[in-house]
Amino acid sequence: MTMRKVVSVVGAGNVGEHVASLLAIKGFADVRIFDIPRRDGDKVFEPVKGKALDLKQMVAAMDIDTKIEGFTVSPDGNGYEPIVDSDIVVITAGFPRKPGMSREDLLEANIKIISTIISKVRQYAPNAILIVVTNPVDIMTYVAYRLSGFPPTRVIGMAGVLDSARFKTFIAEELRVSPKDIHAYVIGGHGDEMVPLVSISNVGGIPLKDLIPKEKIQEIIHRTRFGGGEIVNLMGTSAYYAPAAAVVDMVEALVTNSRRILPCSVYLDGEAGEYYEVKGFCVGVPVKLGANGVEEIIKVPMIEEEREMWRRSVESVRKGVELAEVMIGEKSVHR
Ligand code: APR
């Protein structure tokens, strides 16, 4: 009998609970969710247990048999025993971006949270594949890599799938076509300098640049880059439906060993690092995702203009990495 895979989601806030809900509906893995309690005066709530119960009843109502459990943990790391033997651990715990706040502002607070979670994953689920969602995601993915000691193939940041979905949305609206027929990748750091790869993007095989005038493409690139901020300004907090769907796309590729090519933030070094001019940190590039995690780093062609954009994007990630480096210091397992 083959056991169903177990996907644990740490942080069942906006993004985490939608990841759990989509996974529950898709039904290809059992789901465990973890979050801290919420205090309101004297009363202590355990929202994560309530959400798990609600999701359990949702799948019952939908005739789906996904197993879902919720566990309350403490910020200092108590209560993580049930994460044991998880195949995939999705980390969304952390503070979301508020209006006017940059992703870098979140760095210090979120590094603290991630450190505790990683130490528990190392203890209870040392073979898991990590998917990092917490922002600033390229830096948090690097921190997760350094603190976990896991091979780079098992530490993956979610950003490119989301940014590419935003890019596709705006192209689809412009051309009035299904987003399904659009192949468009966004690579680089998950920030304002991300790199939408126009030169290789196409709609039904036809190059994007032959379908949309240059100025309009520039507008779409701008809206894609600031796509997260546009939603923050409307909702007062960051997006969650599309981010959750992007995570689930990645989880599905891993669990079903589908070998999809998805842009993800991964540790670049060696030969791929040379191609991308990145030595020893995490940035978004297209990768092949299969049962073992990152099975291949794809060296995507870039025209000179894109290379320049790529270099700027990488440089801003590198600065964040330097800051993070000081914050994690001696705790690093990989050196
Ligand atoms: N341990 C476990 N869970 C924690 C901890 C902790 N130490 N600290 C906070 N959390 C939980 C919160 O209780 C909350 O439920 O993390 C969850 C975060 O959820 P939200 O505040 O709703 O944030 P969300 O919109 O889901 O974004 C999560 O993903 O996209 C990124 O920038 C975003 O970094 C943010 C993360």
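Residues numbered from 1 in each chain as written. Predicted model: local features only at pLDDT ≥ 70, side-chain atom pairs only at ≥ 80, totals over all residues. Heavy atoms only, no water.

Before we go on, may I ask you to explain the environment of Ala-29 in this structure?
Examined against the element boundaries, Ala-29 turns out to sit in strand S2 (residues 29-35). Its relative accessible area of 1% is what places Ala-29 among the buried residues. C-alpha of Ala-29 to C-alpha of Phe-45: the two residues are 16 residues apart in sequence and 27 Å apart in space. (Helix = DSSP H or I, 4+ residues; strand = E, 2+ residues; numbered from the N terminus. Buried < 20%, exposed > 50% of the residue type's maximum accessible area, 1.4 Å probe, protein only.)

Please clarify how the layout of surface pockets should be interpreted in this entry.
Reported here for the second largest pocket is a volume of approximately 470 Å³. When contributions to the lining of the second largest pocket are tallied by element, the ones reaching two or more residues are helix H1 (14-26), helix H5 (160-175), strand S9 (182-183), helix H8 (241-255) and strand S14 (260-268). No other element matches the six residues that H8 contributes to the lining of the second largest pocket. Classifying every residue of the lining of the second largest pocket gives 14 nonpolar, two polar and six charged. (1 Å grid on protein atoms, 1.4 Å probe; cavity = no way out; pocket = protein on both sides within 12 Å on 5 of 7 lines; lining within 4 Å. Points joined across faces, edges and corners; volume = space filled by probe spheres on them. Nonpolar A, V, L, I, M, F, W, Y, C, P; charged D, E, K, R; others polar.)

What exactly am I supposed to notice about the sheet that holds strand S13 (residues 206-207) here?
Strand-to-strand pairing in sheets goes through backbone hydrogen bonds, with the strands running parallel or antiparallel. Spatial strand order, S9-S12-S13: three strands in an open sheet with antiparallel pairing. Strand pairing shows two members of the sheet lacking a second neighbour, S9 and S13, which therefore form its edges. Looking at chain direction, strand S12 (residues 202-203) and S13 are connected through two bridges and run antiparallel. Residue pairing across strands places Val-203 opposite Ile-206, the latter belonging to S13. (Pairing = 2+ DSSP bridges.)

What exactly am I supposed to notice about the pattern of salt bridges here?
Two side chains that carry opposite charge are able to pair once their charged atoms sit near each other. Scanning the model with the defined rule gives 21 salt bridges in all. Where Lys-51 meets Glu-17, a salt bridge forms, and the shortest distance between an N and an O atom there is 3.3 Å. With a gap of 34 residues between them, Lys-51 in helix H2 (residues 47-61) and Glu-17 in helix H1 connect regions that are remote in the sequence. Judged by relative accessible area, Lys-51 falls into the partly exposed class, the value being 25%. Overall, the relative accessible area of 26% leaves Glu-17 in the partly exposed class. Glu-277 is the salt-bridge partner of Arg-311, the closest N and O atoms lying 3.0 Å from each other. (Salt bridge = Lys/Arg side-chain N within 4 Å of Asp/Glu carboxyl O.)

Help me understand the site of the ligand in this model?
The full set close to the ligand counts 20 residues, and Asn-14, Val-15, Asp-35, Thr-92 and Asn-135 are the nearest of them. Between the ligand and the protein, one listed contact pairs an oxygen atom with a side-chain N or O atom of Asp-35 at 2.5 Å. Within the backbone of Gly-94, one N or O atom sits 3.4 Å away from an oxygen atom of the ligand. In isolation the ligand exposes 720 Å². Once the protein is present, 86% of that is buried. Among the secondary structure elements, those contributing two or more residues to the shell around the ligand are H1 and helix H3 (107-124). Looking at the shell around the ligand residue by residue, the class counts come to ten nonpolar, nine polar and one charged. (Near = heavy atom within 4 Å. Polar contact = N/O pair within 3.5 Å; in protein donor to acceptor, adjacent residues only side chain to side chain. Areas by Shrake-Rupley, 256 points an atom, 1.4 Å probe, with all protein chains shown as cover.)

Shape is all these values report; function is a separate question.
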